[in-house]
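# Coordinate analysis (summary)
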Amino acid sequence: MKGQVVQKGKVTARAVVTNQVFGFWGGVNTETGEVIDERHELFRQSLKGKVFVFPEGRGSTVGAAVILEMVRRGCAPAAMLNRKTEVILATGAILAEEFYHSSLPVLHQFDEDPIAAIRIGDLVEVDGDSGIVTILEKAI
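Okay, so let's go over this structure. (Residues numbered from 1 in each chain as written. Predicted model: local features only at pLDDT ≥ 70, side-chain atom pairs only at ≥ 80, totals over all residues. Heavy atoms only, no water.)

Within the chain, the secondary structure is distributed over three helices and seven strands. Across the chain, helices and strands are ordered from the amino to the carboxyl terminus as β-β-β-α-β-α-β-α-β-β. For 140 residues, the compact-globule estimate of 2.2 N^0.38 gives 14 Å, and the chain sits close to it at 13 Å. Taken along its principal axes, the extent of the C-alpha atoms in the chain is 30 × 30 × 20 Å. (Helix = DSSP H or I, 4+ residues; strand = E, 2+ residues; numbered from the N terminus. Rg over C-alpha atoms; globule rule 2.2 N^0.38 Å.)

What follows is the structure in structure tokens.
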């Protein structure tokens, strides 16, 4: 599938997917990458090193700082794929590159719904330079 690039970078990682919006502030433990929002369906799931697929972000401007802290601690998602990326999510990824020289690819506005196409555990290649996302292996 092809999407619009918000932040460049290339990664291959397993996916974690939700149809619920996600707020990083109060939603994730920056020391572990684990979802701590008890109301979210991904509660207790780890985002660390995963291709995080979700509709869009929710919440505070502090979300960018939370993403940045996750990158600093090595607990951030490997990439984020959204139907629509809000400014806060984009800012977190852009600052990660600027401050820590860490690539956190972010893509959105796909020609196919990534939430419908990608399942939890799929091995996904994200080419944030070309905007192409490829499912390399479907989870069983």
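On to the sheet that holds strand β5 (residues 106-108), then. Taken in spatial order, the seven strands make up an open sheet running β1-β5-β4-β3-β2-β6-β7, and their pairing is mixed. Looking along the sheet, the strands with just one partner apiece sit at the ends: β1 (4-7) and β7 (132-137). Neighbour-to-neighbour, the strand axes of the sheet open up by a mean angle of 30 degrees, direction not taken into account. Relative to the sheet, helix α2 (residues 87-100) contacts β1, β3 (51-54), β4 (79-82) and β5, its axis offset from that of β1 by approximately 60 degrees. (Pairing = 2+ DSSP bridges. Axes fitted to C-alpha atoms, helices over the stretch in contact; angles between N-to-C directions. Contact = heavy atoms within 4.5 Å.)

What follows deals with the packing of aromatic side chains. Summed over the entire model, instances satisfying the criterion amount to seven aromatic pairs. Consider the rings of Phe-22 and Phe-54, whose centres lie 6.3 Å apart with planes at 75 degrees: the pair is edge-to-face. With Phe-22 in the loop between β2 (10-17) and β3 and Phe-54 in strand β3, this residue pair connects regions lying 32 residues apart in the sequence. For the residue pair Phe-22 and Phe-54, the accessibility class agrees, reading buried in each case. An angle of 75 degrees between the planes, with centres 6.4 Å apart, marks the rings of Phe-99 and Tyr-100 as edge-to-face. (Phe/Tyr/Trp six-rings, centres within 6.5 Å; stacked < 30°, edge-to-face > 60°. Buried < 20%, exposed > 50% of the residue type's maximum accessible area, 1.4 Å probe, protein only.)

All told, the structure shown has 10 salt bridges when counted by the stated rule. For Asp-129, the salt bridge is made with Lys-10, and the minimal N-O distance between the two is 3.9 Å. Placement of the pair is Asp-129 in the loop between β6 (123-127) and β7 and Lys-10 in strand β2, with a sequence separation of 119 residues. Among the residues examined, Asp-129 registers a relative accessible area of 43% and is labelled partly exposed. When its relative accessible area of 55% is taken as the criterion, Lys-10 is described as exposed. Note that Asp-113 is salt-bridged to Arg-83, the shortest N-O span being 2.9 Å. One end of the pair, Asp-113, is in the loop between β5 and α3 (114-117); the other, Arg-83, is in the loop between β4 and α2, with 30 residues separating them in the sequence. Overall, Arg-83 belongs to the partly exposed group, its relative accessible area being 37%. Among the ionic contacts, a cluster of salt bridges with common partners joins Glu-31, Glu-69, Arg-72 and Arg-73. (Salt bridge = Lys/Arg side-chain N within 4 Å of Asp/Glu carboxyl O.)

Our next topic: the pairing of β3. On β3, burial covers both faces: Val-51 and Val-53 on one face and Phe-52 and Phe-54 on the other are all buried. Sheet topology note: the β2/β3 ladder contains three bridges and is parallel. Counterpart to Val-17 in the pairing with β3 is Val-53. As defined by bridge partners, β3 adjoins β4 across four bridges and the pair is classed as parallel. Each residue of the ladder has a partner; that of Phe-54, found in β4, is Asn-82. Note on the crossover from β3 through helix α1 (residues 62-73) to β4: the handedness is right-handed. (Right-handed = clockwise from strand over helix to strand, strands pointing away.)

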